Amino acid sequence: MSGEELETYSPQQLQHSVQQTCVFYRVNPRHKMAIVKALQGCGKVVAMTGDGTNDAIALKVADIGIAMGESGTDVCKEAGDMILTDDNFSTILAAVEEGKCIYYNIRNFVRFQLSTSIAALTLIAVSTLLGLPNPLNAMQILWINIIMDGPPAQSLGVELVDRDVMTRPPRRALDPMITLSLLWKVVLAALIIVSGTLWVFWREMQDNLITPRDTTMTFTCFVLFDMFNALSCRSEDKSVFSIGFLSNHMFLYAVGASLVGQLLVVYFPPLQAVFQTEALFLSDLVFLLGLTCTVWLVDEVRKLIARTAARAKISREPFHHVIV
């Protein structure tokens, strides 16, 4: 479509035509701005590349203005949101891929933090409402907070780039980080953690006496739930078997250090005195591992259902490339 032909279109007509046109020629800065606004009016997230002064207006109007670093003018660089230093378009794809990966890693981190925090608060609140003794003492709650905010949580932020992340449609800058979908995953994980931990506490309290063993079983149960929850939070929609158990080395080191710390708290006498714990039998640990892995298994089933549903419909809009 030529610039002269574009002049004859109303904004509504241009919105319809711009989705069926790939090349615009002999266009001036006003035409470029009109094309960007038409695409935005269609609900598209528009990226605009430019190197000349006449591209500055469109670069400013676009959602993402990309100025050429080597051949671009100073005005162009000033108007753009980012500067492509090597003028290589493939670098844009790499930057988008890395940016999307960081965003989804942050979502995974937030999901883990929220589910663990809600589970800990709910556990104490429900115990109080039911008239049960506090299942965790102050030092144990502090230890859980250290794990929750410490290495396992931080390691989720350095998860490797998911190569399929580029197949996901772009999101709007004003879209919230915490969505209903994320909250549903958080509530599901928290519900499983609270239910399992309270059941262990009730099971150990059958003699109606609170002993160090009772709180140790409850404490260790919650910590192991946390570790399996962190494992499930490594990806929002991919199975751990798909991304690989050993692909994130920082996650392995973080979880390994947390588990070693938990064993020291349970079995090392000086720490037993501080945390008021008691040594558990091997059968107890096997039982707790079998119970706490349910939060991971349930999430694996959820991911499988979500992937199956996604394959049954068209999950994204086609990429629309406009040349002006």
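First, a word on what this report is: a plain description of the structure on this page. These numbers were taken from a predicted model, which means no experiment stands behind them. (Residues numbered from 1 in each chain as written. Predicted model: local features only at pLDDT ≥ 70, side-chain atom pairs only at ≥ 80, totals over all residues. Heavy atoms only, no water.)

### Things to note about the overall build of the protein chain
In plain terms, the rule: Strands are runs of DSSP state E lasting at least 2 residues, helices are runs of H or I lasting at least 4, and numbering of each runs from the N terminus. The quantity called the radius of gyration is restricted to C-alpha atoms. Its globule counterpart is 2.2 Å times the number of residues to the power 0.38. Per-residue accessibility, obtained with a 1.4 Å probe over protein chains only, is compared with the maximum for each type, and a residue is labelled buried under 20%, exposed over 50%, and partly exposed between these values. The contact criterion used throughout is that any non-hydrogen atoms of two residues lie within 4.5 Å. The accessible surface values rely on the Shrake-Rupley method and a 1.4 Å probe; as for residues, cover is taken only from the protein chains in view. Charged residues are defined here as Lys and Arg on the positive side and Asp and Glu on the negative side; His and the ends of the chain fall outside this count. By convention, the point assigned to a charge is CZ for Arg, NZ for Lys, CD for Glu and CG for Asp.
On a plain count of helices and strands, the protein chain comes out with 15 helices and three strands. Against the compact-globule benchmark of 20 Å for 324 residues, the protein chain has a radius of gyration of 27 Å, which places it well outside the compact range. Seen along its three principal axes, the alpha-carbon backbone of the protein chain occupies a region of about 90 × 35 × 35 Å. When burial is assessed residue by residue, the protein chain has 42% of its 324 residues classed as buried. The contacts in the protein chain between residues at least 6 apart in sequence include a share of 65% that link residues at least 24 apart. When the accessible area of the protein chain is evaluated, it comes to approximately 17300 Å², of which 66% is carbon and sulfur surface. Here the protein chain carries 25 positive and 30 negative side-chain charges, and the mean point of each set is 6 Å from the other.

### So, the packing of aromatic side chains
The condition is simple: Planes of paired rings set the category: under 30 degrees apart is stacked, over 60 is edge-to-face and the rest tilted, where pairs are Phe, Tyr or Trp rings (Trp by its six-membered ring) whose centres lie within 6.5 Å.
This structure, assessed with the given rule, holds eight aromatic pairs. Pairing Phe241 with Phe245 gives two aromatic rings, centres 5.3 Å apart and planes at 80 degrees, and the pair type is edge-to-face. Phe241 gets classed as exposed once you look at its relative accessible area, which sits at 58%. Members of the aromatic cluster, joined through ring pairs, are Phe228, Phe241, Phe245 and Trp296.

### Some points on unusual backbone geometry
Here Asp87, not a glycine, exhibits a phi torsion of approximately 55 degrees, which is positive. Tracing the backbone through its elements, the reader meets Asp87 in the loop between β3 (82–84) and α6 (89–129). Unlike most non-glycine residues, Gln276 shows phi in positive territory, near 55 degrees. Topologically, Gln276 is positioned in the loop between α13 (269–275) and α14 (282–292).

### A closer look at the sheet that holds β3
Hydrogen bonds between backbone groups are what pair the strands of a sheet, and the pairing can be parallel or antiparallel. Applicable threshold: Note on pairing: DSSP must find at least two bridges between two strands before they are called paired. Angles shown run from 0 to 180 degrees and are taken between the N-to-C directions of axes, each axis being a line fitted to C-alpha atoms and, for helices, limited to the stretch in contact.
The parallel open sheet is built from three strands, whose spatial order is β1-β2-β3. The sheet is open, and its two edges are formed by β1 (47–50) and β3, each paired on a single side. Averaged over all neighbouring strand pairs, the angle between strand axes comes to 25 degrees, with direction disregarded. Pairing analysis gives three bridges linking strand β2 (residues 64–68) to β3, with the strands arranged parallel. Bridged to Ile66 within β3 is Met82. Those strands touched by α6 are β1, β2 and β3, and its axis lies near 135 degrees from that of β3.

### Some points on the pairing of β2
Definition in use: Assignment of crossover handedness uses the view with strands pointing away from the viewer, where a clockwise path from the first strand over the helix to the second indicates a right-handed crossover.
Taking burial as the measure, the five residues of β2 include four buried ones, the bulk of the element. The pairing of β1 with β2 spans four bridges and is parallel. Looking at β2, one finds that Ala47 is bridged to Ile64. This β-α-β element, β1 to helix α4 (residues 56–61) to β2, shows right-handed connectivity. As a crossover connection, the stretch from β2 through helix α5 (residues 74–79) into β3 is right-handed.

### A look at α14
The test is simple: In this description, one arc is meant: the one made by directions from the helix axis to the C-beta atoms.
Those residues of α14 that fall on the buried side of the exposure criterion are Asp284, Leu285, Leu288, Leu291 and Thr292. Buried residues of α14, viewed axially, fall in a sector of 130 degrees; they line one side. Opposite the buried face of α14, by more than 90 degrees, sit the exposed residues Leu282, Ser283 and Val286. The inward-facing, buried residues of α14 abut α9 (180–204), α10 (212–232), α12 (249–267) and α15 (294–311).

### Things to note about the environment of Phe251
Turning to its location among the elements, Phe251 is positioned in helix α12. Owing to a relative accessible area of 4%, Phe251 belongs among the buried residues under this scheme. As for Phe251 and Ser10, which are separated by 241 residues in sequence, their C-alpha atoms are 55 Å apart. Sequence-distant contacts of Phe251, defined by excluding residues within four places in its chain, comprise Pro152, Ser155, Leu156, Ala230, Leu231 and Arg234.

### Structural notes on the side chain of Thr216
Operational definition: The term polar contact refers here to a pair of N or O atoms within 3.5 Å; inside protein, the definition further demands a hydrogen-donor-capable atom paired with an acceptor-capable atom, and it admits residues adjacent in sequence only when both atoms are side-chain atoms.
Tracing the chain through its elements places Thr216 in helix α10. Looking at Thr216, its side chain comes within polar contact range of the main-chain nitrogen of Glu278, at 2.9 Å.

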